[in-house]
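Single-letter residue listing:
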Amino acid sequence: VFVETVGGVIGGAVGGRLPDLLEPALNPGHRSVAHALVPAGVAGATFAPSLHRTRQHSREWADRCRARRYAATTTLEQIFWWLAEMACRLLAGAIPGVAAGYVSHLLLDAGTPNGLPLLA
């Protein structure tokens, strides 16, 4: 749970910066497709169902890696499978974190005087 939480924090930080990484704030009216309501809504509706499946898949892979670690016969193998398990657990947390960070960025931008464009 702790590793997934760390992944969520990292994912949230990345997701929160993602709109401005895609469209750098070079001028006050920099908001285009990455900040627009309709593209964000379409992307959310398209990818939301697969986010849960991908998160579950990452957790399943982490469990498989843990089983392989317990079955490993050398310390090097145990370290490898532990690192693989931790990477899968980080990913399981980062997936919803990125989505939440992106949405929070758009919500905060929507409250500014420029608001958000509908399309681009």
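Scroll up to find the structure this text is about.
All figures in this text were calculated on a predicted structure; none of them were measured in a lab. (Residues numbered from 1 in each chain as written. Predicted model: local features only at pLDDT ≥ 70, side-chain atom pairs only at ≥ 80, totals over all residues. Heavy atoms only, no water.)

Peer 1: I tried to follow the packing of helix α2 (residues 37-71) against helix α3 (residues 75-110) on my own but got confused; where do I start?
Peer 2: Any two packed helices are characterised by the angle at which their axes cross and by the distance between the axes. Packing of α2 against α3 leaves a shortest axis separation of 8 Å and a crossing angle of 165 degrees. Relative to α3, the element α2 is oriented roughly antiparallel. For the crossing formed where α2 meets α3, the hand is left-handed. Tallied by class, residues from the contact of α2 with α3 come to 15 nonpolar, three polar and eight charged. (Axes fitted to C-alpha atoms, helices over the stretch in contact; angles between N-to-C directions. Helix = DSSP H or I, 4+ residues; strand = E, 2+ residues; numbered from the N terminus. Parallel < 35°, antiparallel > 145°, perpendicular 65-115°, else oblique. Left-handed = near helix turned anticlockwise from the far one by under 90°. Nonpolar A, V, L, I, M, F, W, Y, C, P; charged D, E, K, R; others polar.)

Peer 1: Whenever I open this one, the packing of aromatic side chains confuses me. Can you help?
Peer 2: Aromatic ring pairs: the centre-centre distance and the angle between the two ring planes describe each pair. The final tally for this structure, using the stated rule, is one aromatic pair. Summarising the aromatic geometry, the rings of F80 and W81 are spaced 4.9 Å apart at their centres and angled 80 degrees between planes, so their arrangement reads as edge-to-face. Take W81: its relative accessible area is 17%, and that puts it in the buried class. Positioned above the aromatic ring of W61, the side-chain terminus of R64 is 5.0 Å from the ring centre. (Phe/Tyr/Trp six-rings, centres within 6.5 Å; stacked < 30°, edge-to-face > 60°. Buried < 20%, exposed > 50% of the residue type's maximum accessible area, 1.4 Å probe, protein only. Lys NZ or Arg CZ within 6 Å of the ring centre and 35° of its normal.)

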